[in-house]
Amino acid sequence: MAAVYKSLSKSGATKPEAPSNGVKRNKQRVLILSSRGVTFRHRHLMNDIASMLPHSRKDAKFDSKSRLYELNELAELYNCNNVLFFEARKGKDLYMWLSKVPNGPTVKLHLQNLHTMEELHFTGNCLKGSRPILSFDAAFEKQAHLRVIKELFLHTFGVPQGARKSKPFIDHVMTFSIADGKIWVRNYQINEVEPTKTKTGEEIEEAAKEAKSKSRSIDTDIQLTEIGPRFVLTPIVIQEGSMGGPILYENRSFVSPNQVRADLRKSKASKHNARAEQTVERLSRRGELGLRSEGGTKAPRDELDTKMLFA
């Protein structure tokens, strides 16, 4: 009975979720993993994203591509409430799954035009573990499915204050823009440039006078330098649950890359078939007229040919 009383007393004593000052902490953790069959470029992209998200937890490759619901249990084991899963198909196509564990929603996106940090050789650089500024296009507020995607981006790529391995600095910006029905993702470093490098002498003197009159220092100019990685996302479906459930949104204009490759093969095959049919028709017409010859002259007939013997 004493053990039962202790367990009931522990369960009854609820701890306050918010601190005494009334500020609620944003607790977000992301589980990053991929499926089997990813290429080296896919793996480098995953490493770049993991280095940009100090609140993430990277795991080994996931074997199954059909039982994605098992990722919910895996995320709970690692105490993660977001899942960023990269699914590779045929060693060519890469799909990104963003899920909110355990109740959803889930969005599936096709990732293309991939360029990693090592490929781009940009001059920009940022402190590892620093927090980013997420900049979204105004088009994200115009449609319902884009608002859902924006919220998932905020929970996944937004590093909460005081997160694990995070630095108390903000020195880069992640931009999410919409064009041609696709989401273009870019990453920029915030550079503070001295005014002497961008302004003339008269402008510097005026700025110095204003700074003295207002008892403040001369403002620096802010510039953005791209760091990488960069990629383009195409939304495919949004599901209600986490890695499953009813479909809330489906992109009707999305064409699978398998279908694109099949159409290209069919177009090439149709050209070859048309040429082959033209060759057969030409030979049949020349055969009917007795003009089957080589080099423009009539071919000599063999005396032992069946047409000569049984004419």
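In the annotation of an unreviewed UniProt entry, the entry for the protein chain reads Brix domain-containing protein, and the organism field reads Stachybotrys chlorohalonatus. What UniProt records for the protein chain under Sequence similarities (unreviewed entry) is the sentence "Belongs to the BRX1 family." UniProt's Function (unreviewed entry) comment on the protein chain is quoted here verbatim: "Required for biogenesis of the 60S ribosomal subunit."

1. A word on the overall build of the protein chain
When helices and strands are tallied, the protein chain shows eight helices and 13 strands. Long-range contacts, defined as pairs at least 24 residues apart, comprise 69% of the intrachain contacts of the protein chain with a sequence gap of at least 6. Carbon together with sulfur atoms contributes 52% to the accessible area of the protein chain, which is approximately 20,100 Å² in total.

2. Some words on the pattern of salt bridges
Under the criterion given, the structure shown has nine salt bridges. Residues glutamate 87 and arginine 89 are paired through a salt bridge, measuring 2.4 Å at the closest nitrogen-oxygen approach. For glutamate 226, the salt bridge identified is with arginine 230, shortest N-O distance 2.9 Å. Using a relative accessible area of 12% as the deciding quantity, one classes glutamate 226 as buried. Salt bridges sharing partners connect three or more residues here, namely Arg186, Glu226 and Arg230.

3. Overview of a positive patch on the surface
A contiguous patch of positive charge on the surface is contributed by Lys90, Lys92, Arg265 and Lys266. By the secondary structure assignment, lysine 92 is in the loop between β3 (82-89) and β4 (93-100). The class for lysine 92 is exposed, based on a relative accessible area of 56%.

4. Re empty space enclosed by the protein
Empty space among the atoms can be located by rolling a probe the size of a water molecule over them. Inspection of every chain in the model, using the stated rule, returns one cavity of 30 Å³ or more. The calculated volume of the largest cavity comes to roughly 30 Å³. What lines the largest cavity is simply Ser34, Val38, His42, Arg43, Met46, Phe86 and Leu94. For the lining of the largest cavity, the element with the highest residue contribution is helix α2 (residues 40-52), accounting for three residues. Considering only residue class, the lining of the largest cavity consists of four nonpolar, two polar and one charged.

5. Regarding unusual backbone geometry
The omega torsion of the bond from glycine 104 to proline 105 falls at 10°, within 30 degrees of zero and hence cis. Tracing the sequence through the fold places proline 105 in the loop between β4 and β5 (106-115). Looking along the chain, the bond that leaves glycine 228 and enters proline 229 is cis, with omega of 0°. Structurally, the position occupied by proline 229 is in the loop between β9 (221-226) and β10 (230-241). With phi around 60°, aspartate 180 is a residue other than glycine that occupies positive phi space. Counting through the fold element by element, aspartate 180 comes out in the loop between β7 (170-179) and β8 (182-193). Looking at aspartate 180, the relative accessible area reads 70%, which means it is exposed.

6. Topic: the side chain of lysine 100
Along the polypeptide, lysine 100 turns up in strand β4. In terms of polar contacts, lysine 100 uses its side chain to reach the side chain of asparagine 82, at 3.3 Å. Setting aside residues no more than four positions away along its own chain, lysine 100 makes contact with Gln28, Asn81, Asn82, Pro105, Leu152, His155 and Ser242.

7. As for a nonpolar patch on the surface
Side chains of Val255, Val260 and Leu264 sit close together on the surface and give an oily, nonpolar patch of about 250 Å² of accessible area. Mapped onto the elements, leucine 264 comes out in helix α7 (residues 257-288).

8. Let's talk about the confidence of the model for the protein chain
Of the residues in the protein chain, 80% reach a pLDDT of 70 or more, and the chain-wide mean stands at 81. Across the protein chain, element-level confidence peaks in β10 with a mean pLDDT of 93 and bottoms out in helix α1 (residues 2-12) with 53. Long-range and interchain partners of residues 13-18, a stretch whose pLDDT sits below 50, account for zero contacts in this model, where long-range means more than four residues apart.

9. Concerning the packing of aromatic side chains
Within this structure, the stated rule accounts for six aromatic pairs. With a centroid separation of 5.4 Å and 85° between ring planes, the pair formed by phenylalanine 136 and phenylalanine 140 is classed as edge-to-face. A residue is classified by how much of its surface remains accessible, and phenylalanine 136, at 18% relative accessible area, is buried. Where phenylalanine 157 meets phenylalanine 176, the ring centres are 5.8 Å apart and the plane angle is 50°; that geometry is what we call tilted. Of this pair, phenylalanine 157 sits in helix α5 (residues 144-157) while phenylalanine 176 sits in strand β7, and the two are 19 residues apart along the sequence.

10. Quick word on the nonpolar core
Counting residues in hydrophobic clusters, the biggest one holds 34 residues, and the most contacted among them are Phe86 and Phe176. Apart from the residues lying within four places of it in its own chain, the contact partners of phenylalanine 176 are Leu134, Ser135, Phe136, Asp137, Phe140, Phe153, Phe157, Ile183, Trp184 and Val185. With 13 residues, the next largest nonpolar core counts Leu68, Leu71, Cys80 and Trp97 among its residues.

The rules behind each value
- Residues numbered from 1 in each chain as written.
- Predicted model: local features only at pLDDT ≥ 70, side-chain atom pairs only at ≥ 80, totals over all residues.
- Heavy atoms only, no water.
- UniProt positions renumbered as here; feature names shortened; annotations may be inferred.
- Helix = DSSP H or I, 4+ residues; strand = E, 2+ residues; numbered from the N terminus.
- Contact = heavy atoms within 4.5 Å.
- Areas by Shrake-Rupley, 256 points an atom, 1.4 Å probe, with all protein chains shown as cover.
- Salt bridge = Lys/Arg side-chain N within 4 Å of Asp/Glu carboxyl O.
- Buried < 20%, exposed > 50% of the residue type's maximum accessible area, 1.4 Å probe, protein only.
- Patch = residues over 30% accessible without salt bridge, like charges linked within 9 Å, V, L, I, M, F, W, Y side chains within 5 Å.
- Lys, Arg positive; Asp, Glu negative; His and termini not counted.
- Charge placed at Lys NZ, Arg CZ, Asp CG, Glu CD.
- 1 Å grid on protein atoms, 1.4 Å probe; cavity = no way out; pocket = protein on both sides within 12 Å on 5 of 7 lines; lining within 4 Å.
- Points joined across faces, edges and corners; volume = space filled by probe spheres on them.
- Nonpolar A, V, L, I, M, F, W, Y, C, P; charged D, E, K, R; others polar.
- Polar contact = N/O pair within 3.5 Å; in protein donor to acceptor, adjacent residues only side chain to side chain.
- pLDDT = per-residue confidence, 0-100.
- Phe/Tyr/Trp six-rings, centres within 6.5 Å; stacked < 30°, edge-to-face > 60°.
- Core = buried A, V, L, I, M, F, W, Y, C linked by side-chain atoms within 4.5 Å.

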